[in-house]
Structure formats: structure tokens, C-alpha cells
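Summary of structural features
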Amino acid sequence: MGQFLQQLINGIQIGSIYALIALGYTMVYGIVRLINFAHADIFMFGAYMGFFLAPVMAKIFGGAFIPTIIAAMLITGLLGFIMEKLAYRPLRYKSRLSALITALGVSIFLENFCAMPFVFGPTYRAFPSMIVARNITIPGNLGLVISNVLLLDVGVSVSLMVLLFWFVNKTLMGKQMRAVSFDKPTASLMGINIDVVISTAFIVGPALAGAGGILYGTTYGMLASPFLGIWPGMKAFIAAVLGGIGNIPGAVLGAYVMGISEAFATSVNSNLGYGIAFVILIAILLIRPSGLLGKFVPEKV
Amino acid sequence: MRRVLAIILVCTLIAGVGVGCKAKAGVVNLGGIFPMTGASATFGTSSKNGVDMAVEEFNAAGGATIGGVKTTVNYINEDDTGLPEVGASAAQMLINQDKVIGIIGAVMSKVSLAIGPIAQAAGVPEISPTSTNTKVTLVGDYIFRACFIDPFQGTVMANYAYNTLKVTTAAVLYDNGNDYNKGLAENFKASFEKLGGKVVAYEAFTDEAKTVDYKAQLTVIKAANPAFLYLPNYYGSVALQLKQAREMGLNVPAGGGDGWDSPDLVKIGGAAVEGGVFSTHFSKDDPAPKVQTFVKAYTAKYNEPPDSMGALAYDAAGLLLDAFKTCGSIKGSDIRDAMKNTTFSGISGAYKFDENRDPIKAAVIIKIVNGQQSFLTTVNP
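Thresholds applied
Residues numbered from 1 in each chain as written. Chains lettered and ligands numbered in written order. Predicted model: local features only at pLDDT ≥ 70, side-chain atom pairs only at ≥ 80, totals over all residues. Helix = DSSP H or I, 4+ residues; strand = E, 2+ residues; numbered from the N terminus. Expected span 1.5 Å × (residues − 1). Buried ≥ 20, exposed ≤ 12 C-beta atoms within 10 Å, placed from the backbone. UniProt positions renumbered as here; feature names shortened; annotations may be inferred. Pairing = 2+ DSSP bridges. Axes fitted to C-alpha atoms, helices over the stretch in contact; angles between N-to-C directions. Contact = placed C-beta atoms within 7 Å. Nonpolar A, V, L, I, M, F, W, Y, C, P; charged D, E, K, R; others polar. Parallel < 35°, antiparallel > 145°, perpendicular 65-115°, else oblique. Right-handed = clockwise from strand over helix to strand, strands pointing away. Domains from an automatic or database assignment. pLDDT = per-residue confidence, 0-100.

A few words on helix α11 (residues 308–327) of chain B. Residue and element names in this part refer to chain B. Helix length check: α11, at 20 residues, gives a terminal C-alpha distance of 28 Å against a target of 28 Å (1.5 Å per residue), a fit within 8%. Extensive coverage of α11 is indicated by the burial of 17 of its 20 residues. After α11 finishes, the residue Gly328 shows a positive phi value of roughly 60°.

Below, the discussion takes up the UniProt feature "transmembrane region" (unreviewed entry) in chain A. All names here are of chain A. In the UniProt entry, the feature "transmembrane region" (unreviewed entry) is given for residues 12–32, 39–58, 64–87, 99–120, 140–168, 189–216, 236–260 and 272–291. Its end C-alpha atoms 28 Å apart, residues 39–58 is made of 100% helix and 0% strand. In the segment residues 236–260, helix accounts for 84% and strand for 0%; the C-alpha atoms at its two ends are 13 Å apart.

Turning next to the sheet that holds strand β1 (residues 27–34) of chain B. All names here are of chain B. Reading across from one edge, β2-β3-β1-β4-β5-β6 is the order of the six strands in this open sheet, with mixed pairing throughout. Unpaired on one side and paired on the other, β2 (64–66) and β6 (143–145) mark the two borders of the sheet. Sheet twist, expressed as the average angle between the axes of neighbouring strands with direction ignored, equals 30°. With three bridges connecting them, β1 and strand β4 (residues 103–105) associate as parallel partners. Opposite Gly31, over in β4, you have Ile103 as the bridge partner.

Next up on the list: the interface of chain A and chain B. Contacts between the two partners involve 22 residues from chain A and, on the opposite side, 25 residues from chain B. Of all the secondary-structure elements, those providing two or more residues to the side of chain A that touches chain B are α1 (2–32), β3 (145–147) and α10 (248–268) of chain A. Broken down by element, the side of chain A that touches chain B gets its largest block of residues, five residues, from α1 of chain A. Of the residues contributing to the side of chain A that touches chain B, the split by class is 11 nonpolar, 11 polar and no charged.

A separate point is the environment of Ser147 of chain A. Here Ser147 of chain A is to be found in strand β3. Sequence separation of Ser147 of chain A and Ala211 of chain A is 64 residues, and the distance between their C-alpha atoms is 19 Å. Not counting residues up to four positions away in its chain, the partners in contact with Ser147 of chain A are Ala133, Arg134 and Asn135 of chain A together with Glu247 of chain B.

With that settled, the discussion passes to the pairing of strand β15 (residues 372–379) of chain B. Residues and elements named next belong to chain B. Pairing between strand β14 (residues 363–369) and β15: seven bridges, direction antiparallel. Bridge pairing in β15 links Ala363 to Val379. Between β14 and the antiparallel strand that follows it, β15, lie two residues; Asn370 among them carries a positive phi value of about 50°.

A few words now on the packing of helix α5 (residues 148–170) of chain A against helix α8 (residues 194–220) of chain A. Residue and element names in this part refer to chain A. In the contact formed by α5 and α8, the axes pass within 10 Å of each other and the chain directions differ by 175°. The angle between α5 and α8 falls in the class roughly antiparallel. Residue-level inspection shows Val149, Asp153, Val156, Ser157 and Leu160 of α5 in contact with α8, the latter providing Leu208, Ala211, Leu215, Thr218 and Thr219. Residue composition of the contact of α5 with α8, grouped by class: six nonpolar, three polar and one charged.

Attention shifts here to the pairing of strand β8 (residues 198–205) of chain B. Within β8 of chain B, six of the eight residues are buried, which leaves the element mostly enclosed by the surrounding structure. Handedness of the strand β7 (residues 169–175) of chain B-helix α6 (residues 179–195) of chain B-β8 of chain B crossover: right-handed.

What follows is about the domain arrangement of chain B. When the domains of chain B are assigned, the result is domain 1 (28–148 + 289–350) and domain 2 (151–280 + 365–379). The straight-line distance from the C-alpha centre of domain 1 of chain B to that of domain 2 of chain B is 33 Å.

Residues and elements named next belong to chain B. With mixed pairing, the seven strands of this open sheet are ordered in space as β8-β7-β9-β10-β11-β14-β15. Two strands lie at the open edges of the sheet, namely β8 and β15, each paired on one side alone. In terms of strand pairing, β7 meets β8 through seven bridges, oriented parallel. Of the residues in β8, the one forming a bridge with Asp175 is Phe205.

The next point concerns the confidence of the model for chain B. Residue and element names in this part refer to chain B. On average, residues of chain B carry a pLDDT of 87, and 93% of them reach 70 or more. Confidence, expressed as mean pLDDT per element, reaches its minimum in chain B at helix α1 (residues 2–21) with 55 and its maximum at strand β9 (residues 229–230) with 96. Low pLDDT (under 50) marks residues 16–24, which in the prediction has two contacts with non-local residues, meaning those over four places away or in another chain. On the interface metric, ipTM, the complex scores 0.84, and its pTM is 0.77.

Moving on, we come to α6 of chain B. Residue and element names in this part refer to chain B. Counted at 1.5 Å a residue, the expected span for α6 with its 17 residues is 24 Å, and the 24 Å between its end C-alpha atoms agrees. Taken together, the buried positions of α6 are Tyr180, Asn181, Gly183, Leu184, Ala185, Asn187, Phe188, Ser191 and Phe192. Looking at the packing, one finds that the buried side of α6 touches α5 (150–164), β7, β8 and β9.

Another aspect to go through is unusual backbone geometry. Residues and elements named next belong to chain B. Residue Gly105 is joined to Ala106 through a cis peptide bond whose omega torsion reads -5°. With respect to the helices and strands, Ala106 occurs in the loop between β4 and α4 (109–122). Even without being a glycine, Asn303 presents a positive backbone phi close to 60°. Structurally, Asn303 can be placed in the loop between α10 (289–302) and α11. The exposure class of Asn303 is exposed, given the 7 C-beta atoms found within 10 Å. Unusually for a residue other than glycine, Arg357 sits at a positive phi of about 60°. Among the structural elements, Arg357 can be located in the loop between β13 (349–350) and β14. Take Arg357: there are 21 C-beta atoms within 10 Å of it, and that puts it in the buried class.

Structure follows, in C-alpha cells:
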């Protein structure tokens, strides 16, 4: 029982980081129907921003975590904005395949550019520790251990998600986003500035990924190389598909399902761990092809 | 007239060959093949330094006595540039042109695998200082190596944990996608259980370059309550594994193999890796007088302390020359037999070969103390 709960906790922690990345995939897809493969690299960029900014922020503000995460979100938001402007906007009315290939190109460019020795470099980096890790043993005979870093991960991602739901559902910009997602030409006829809406999606999504990057760095304390985004990015993308791509609560649910099934599968058999996690995903998608919360839209012929 | 000329020509040729076959009085050639240029040039330089030193000392000590003639050794170093084909042609040259009595080399397993069949066919003994791939010495009975093979480290750490740390339960967490990690893990488990210990958790993950979260496996390990944690992985993932283990309250001693041997282990792992122990080939801090004499002589000669490469190359050359001296013959088969039965005592331990010509010898155990690598002990197999 103790181990079961501990694995659940482990899964929730991984799931929180996946969720922040998955939200960016799903938001961009919802609005421009583009799978932004470079999103995983924005996550990586955010993590490296934390690496460079944390010592500076600690000097200026005393405490580093909150200013660093805000600064990293601003920078990755800006990066997303520039990326959309330079790479995706010129192709908006071209075939969707061109944009997809461009996304792959941007991703490969970011990884390899950042891996150059004078940019971030290809070697291991120890992430500055902004939070002193402390263990909290839960009273009782289950032997559960929760670290303050875990609470921070879950706390930050849940509050960012709540903020995002509020933004999408309660603000005027959110309403415009939903309208564009629903029907782009009609929204445009209603006087919505589509360029602004798309840019906003490309700022908000990457900003969340940037926050995810900081949490990743804080949790694991190491940045292996500028290729570190690929694997979590892949899992988050699958989580977004699992939850129903384009659906914001779906991405969060998918991410937690992904994290928790991964932890449990690994605990059952560590050799097959990831494999089992993916089998679960395939099973769910076989039963619900549009994802857990995705709407099934029959195509009219 | 033409016939006479032809006969004279043939005679000269035969005479010439005869002279060529007779070794120059008092000097024989020893060959070396190392990467002196290319990506692993520093390995080659260290290795050549080690061999040069061994040869110099051998000659200064009077060399060998072959058929009543005092014989010294002339060392010929060839560059393999890190490529198997270049190494192979270097081996051909050393054997056919320079008539070497033996070859020291190469550094990389793939190059050793390319020169092995050539040396084997010519009947010239070859000893690689640092090629760890199991297949290298399986090429034939003229091929030796001076370093222990990877799986052996698992056995060493099992002995250390069971006999020195006195632990009876252990857990293993390893990368199942890499032969190095797998070999160490399997051998640790087998040896530890043979000694009477119990491996209570044997957990794997796939690809340490991609994995950062080991909490699921560590939770299983913690529930099994081991007294020792064996992590035969590379420094980056070891640092993460130990950090997460400590974070979860799994505070048992940890150990690993030479994949830990990097300053980055402490840089990333910080306090979590403190007290960790790992096995490796050689430590310049080993207080044994023999090692310290070597370190001093090497440092004086090359202005830098020796690394594992230099020490193992020094041992490989020393071992071959010692066998040469013992058998008192320049015939490849005699030197080979002498090497097979060697009891050479080198810088990195006393040598004895098993049936595959892989050495059975001591490993060095290093402990992380105050964020520094410090020599702990030597463990015999």
C-alpha cells in the first residue's frame, strides 16, 4: 500500500512537468492546427535560461526561484513569438505539411544551434539549486516521503494551469482564442484580429514550457545537453494526443495519466516499464480514437 | 653471360635475405600502435609515454640475454589515427618490415580487433593496454591485454561490499541498453550471491542519455530495504540516481565502476555522491611505493601526472619485455608462452592471465571524500 501511494506520488510529479509542456502543444494545435515540434526545444531553452539567470536573480533579488521562473517564461514567450513570426506566419495559408516540416526544421535548428560550444555547449551542466531539497515524511506506518521540490512542482504547475483556464474561459482574449479555434474565417469576419490571437497562443504556450523547463532543472539538478527536450517533449506530445489534442483539460489529464502509468509500469517491471506505458496509451486510443476528452467529429462526405 | 648474371643476382638476393633474417646483433625491435592524431590523440600520447618509459628502463637495466648476446630493444611507434584500417597496415609494416618481437596496442577495441588477426597469423605476440571489449583476446592465443575486462569490475565491487563493507543485501539499478552497464550488473549480482549475499532488487532503465527520473525504480528498491546500492552507470546518470535516492530517504552506501571516474560526478551530484565508492584501473594516489616511484618518474619526464592509459601501457610493455627476458628468445611462440605463464608485477597490480589471456588482477577502489576522489584500497579478485 505504501509503495502504491509512493508510486502515485512519483507519477504525479512527472505528470506535472509533462502537463506544462503538453498544454503548449495542445493550445497551438487548437488554434492553427499545427503540431509545433519545436515546442520541446523551447522547454529546453527555458531550462537553460534558468541555468544562466538563477545566479543573476539570486544576486538581485535575494531569492531566485520566483524571479527566475518569471524571467524564463518571458524569454521563452518572446522566443515563441519570434518563431511564429519568422517561421510559421509566412506559411500560414500554404499546405499544412509545409508548416509541419518547418516545425521540424526549427526544432533541429534550435537543438544544434544551442549545442554549439559558444551557445549552451553540449556538455553536462549542474543546474543551480534555488530550493534546498527537504524531505517530509508523512506520519503513519506507510513510510511515504514527499520532498518540498515535489510540492513545488505540483503547486507551480497546478497554479499555472488554473491561471490558463481562467485566461481562456474568462477573458476577452480567451474568448477570441476559442472563437478562432472553432472557426477561423468566421471569427475573422466577426472582427477578431487573427494575427494577434495566434501570436498570443505562441507566447502563452512557450511561456508554460519555459516554466516547465525551470521545474525540470530544479527537480533533477542537471541539464544533460540541448537535446534534453526531445524525450519529455515526446511524452508530453503523446499526453496531448491521449487527452484529445486541442483540448486544454485533456492535455492535463493525458499528462497525469502518462506520468502515473509510467511510474506504475516501471515498478511492475523496470525492463518493460516504458513499453507498458505505451501499450496503455495504444489501448486507450483504440477505444477512444479522439483521445480521452477529445470530441469525435465525423467527417461529412 | 646473361645466365651468369642471373645466377649472381639470385645469389646476392639470397645472401641479402639471409642477412636480413639475422637479427642485428644486440638490438631487436618492439612495435607500438596508438592513436597519435585524431579524436583520441591524448590517449595515444599517454600510452606512448608509458611504453617509452618501460623500454628505457628495460634497456638501462641491461636488456635481455639472447643466445649469450646482450640485447636491447628499439621501440618503433606507429600512428593508427584511431582507424582500424590504418592500424592494420601499421601492424603489417611492423611485422614484415621491422620484424618486431611483439606489438603493444591498440587503445581502442575496434583497432585492436583489426590488428589482432594479423599478429595472430604472423605469430607475433600482441598486448593491448586498454581495449576492454571481451572479443579482443578471443582472436587467438597470441593476443593479450593488460586491463581487466568490464564485467570483472562487478566482481570486484561485490567482494568489496561483502567483505569490507560487510553488507549482506544489495540492490542494483542499471541501464539495460548498454553492454558495459549490463555486464557489470550481471557480474555483481552473480558474485555477490556466490559470496552469500542477497540481491534484493534488480532494477533496470533504458538509455541513460534520455532518462532523468529514476524515482519509480528507486521506490521499488527502497521497499526492498537493501544495505548497499550498486549503480554501474556513467557519472551523469549516477549523480541523478544518487540525488533522487537521497531525496527519497534511501541513505545506504553506493558503489559503481569506472564510469564514475569524472569530476562531473561531484559537480552534478554534490552532497548526494559523497561517500560513494567505485572501482577503476589505477590511481595516482595509491600509496604503494612502486606506484609512487612510477608517478614521480613519469611526472619528472613528461611534466604531468600519469593517467590510467599511461600506467596500463607502461605495464603492458613491461610485461612483454619481462617475458622476452625470461624466455631468452626472439621467437614469437616462446615469448607468447612466457607471457601466458607470467607473474609480472606491474603498477596497476600483479598480473596473471586466465585461459582467454585476460588478466586476473587487482582493481583500485576510490572513494568520494569531501567532493574529492581519494584512494581507498586495492581489491584482489
